[in-house]
Amino acid sequence: MENLDKLKFDAAGLIPAVVTDADSGRLLMVAYMNRESLDITLREGYTCFWSRSRRELWRKGETSGNRQKVVSITADCDFDTLEVRVRKLGPACHTGAESCFFNEIMASDAPEPFSVRGLYELLLGRKETRPEGSYTSYLFEKGLDKILKKVGEESTEVIIAAHARDRRETVYELADLAYHALVLMAELGITPEEVEAELAGRHIIDRKVKQEKMT
C-alpha cells in the first residue's frame, strides 16, 4: 500500500481505472475512481467507482449482481492511471455484453489469437442468435440430451485413440471433446472461470496435503 500516496488524481479528484479480466487479459471497461471509491474497493475487495454523470459512488453490480472481484490494482509509470484486474461475476457492460468494447472501428487482417474464453463467447453467441447452417446452433436447437450424447461419443473416441497410442488422433479427439464440453458449459451457464477456480482449489488442497505429509 506504500504507493497509494503517489497516486495522482486530476483536478476533479478522479483517476482513470482500466478494468481487465484477470484470467483472459481482456479489456472490460474504463471508469473513474476518487479517493473514497478507491478506499471502498480496497476495503471491500469489489470494484467501486465514481459516476461522473450521476456524481455519486457506484458499486459495480450493486443492482445487476454483475460484481467484479478485485485481483490486483496497479498504477502506471506516472501514477495517474490504474489497471484493475478482476474476476467478473457477470457481464461487464450494461448492455449485457461481456466487455464494453465491441464497436469495431478498425481491424487488421491478422487473426485474433485463439483462447478458450474466446471460443466460449463465440458459443454463447451461437446459442443466442442460432445462425442457420451452424453445427453449434444445431446442438443448441436439439438441447441438452443431444449435447450430452455428443460428449459421451467424443469421450469414447478419446479412449479408443489413446488406447491405440495414436498421439495425433488422440489430440484431434481431445479437441472435439473440449469443444463439446464447452457447448455443454454454455448450455448450462457454466463459465471457464468456474472450472478454472475449481481446479485451482484442488491444487491448493493437494499442496496442503503434501505439506502436511512432510511435517
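The numbering scheme is per chain: residues are counted from 1 as the chain's sequence reads. Only residues with pLDDT of at least 70 get local features here, since the model is predicted, and only at 80 or more are side-chain atom pairs given and counted; chain-wide, interface and lining totals rely on the full set of residues. Side-chain calculation: all heavy atoms of the structure are included, whereas hydrogens and water are not.

*Asks:* Please provide a residue-by-residue account of the packing of helix H3 (residues 135–142) against helix H4 (residues 144–163), values included.
*Replies:* Orientation is described by axes fitted as lines to C-alpha atoms, over the contacting stretch for helices, and by angles from 0 to 180 degrees between their N-to-C directions. Put simply, DSSP H or I for four residues or longer makes a helix, DSSP E for two residues or longer makes a strand, and each gets a number counted from the N terminus. Contact geometry of H3 with H4 gives a least axis separation of 5 Å together with a crossing angle of 120°. When the axis of H3 is compared with that of H4, the two are oblique. Residues Tyr135, Tyr138, Leu139, Phe140 and Lys142 of H3 lie in contact with H4, whose contacting residues are Leu144, Lys146, Ile147 and Lys150. Note on residue categories: nonpolar means Ala, Val, Leu, Ile, Met, Phe, Trp, Tyr, Cys or Pro, charged means Asp, Glu, Lys or Arg, and polar means any other residue, Gly included. Partitioning the contact of H3 with H4 into residue classes produces six nonpolar, no polar and three charged. Should an angle lie under 35 degrees it is considered roughly parallel, over 145 roughly antiparallel, and from 65 to 115 roughly perpendicular; all remaining angles are considered oblique. Contacts: residue pairs with any heavy atoms within 4.5 Å of one another.

*Asks:* Tell me what's going on with the sheet that holds strand E1 (residues 15–21), and back it up with residues and numbers.
*Replies:* Within a sheet, neighbouring strands are paired by backbone hydrogen bonds and run either parallel or antiparallel to one another. What makes two strands pair is DSSP finding at least two bridges between them. Spatially, the four strands line up as an open sheet ordered E2-E1-E6-E5, and their pairing is mixed. Single-partner strands in this sheet number two, and they are strand E2 (27–33) and strand E5 (68–75). Sheet twist, expressed as the mean angle between neighbouring strand axes with direction ignored, is 25°. When E1 meets E2, the two strands line up antiparallel, connected through six bridges.

*Asks:* Quick one: what's the story with the pairing of strand E4 (residues 56–59), residue by residue and with numbers?
*Replies:* Bridging between strand E3 (residues 48–51) and E4 involves four bridges; their strand directions are antiparallel. Counted as the bridge partner of Ser51 is Glu56 from E4. Hairpin connection, E3 to E4: the antiparallel pair is bridged by four residues, and Arg55 has positive phi, about 55°.

*Asks:* Break down the pattern of salt bridges for me, citing the residues and quoting the values.
*Replies:* Throughout this description, the term salt bridge denotes a Lys or Arg side-chain nitrogen within 4 Å of a carboxyl oxygen of Asp or Glu. Summed over all chains, the structure comprises 11 salt bridges. Glu121 is the salt-bridge partner of Arg117, the closest N and O atoms lying 3.2 Å from each other. Of this pair, Arg117 and Glu121 both sit in helix H2 (residues 116–129), four residues apart, which is roughly one turn of the helix. Three or more residues are tied together by salt bridges with common partners; here these are Arg26, Lys88, Glu98, Arg117, Glu121 and Glu193.

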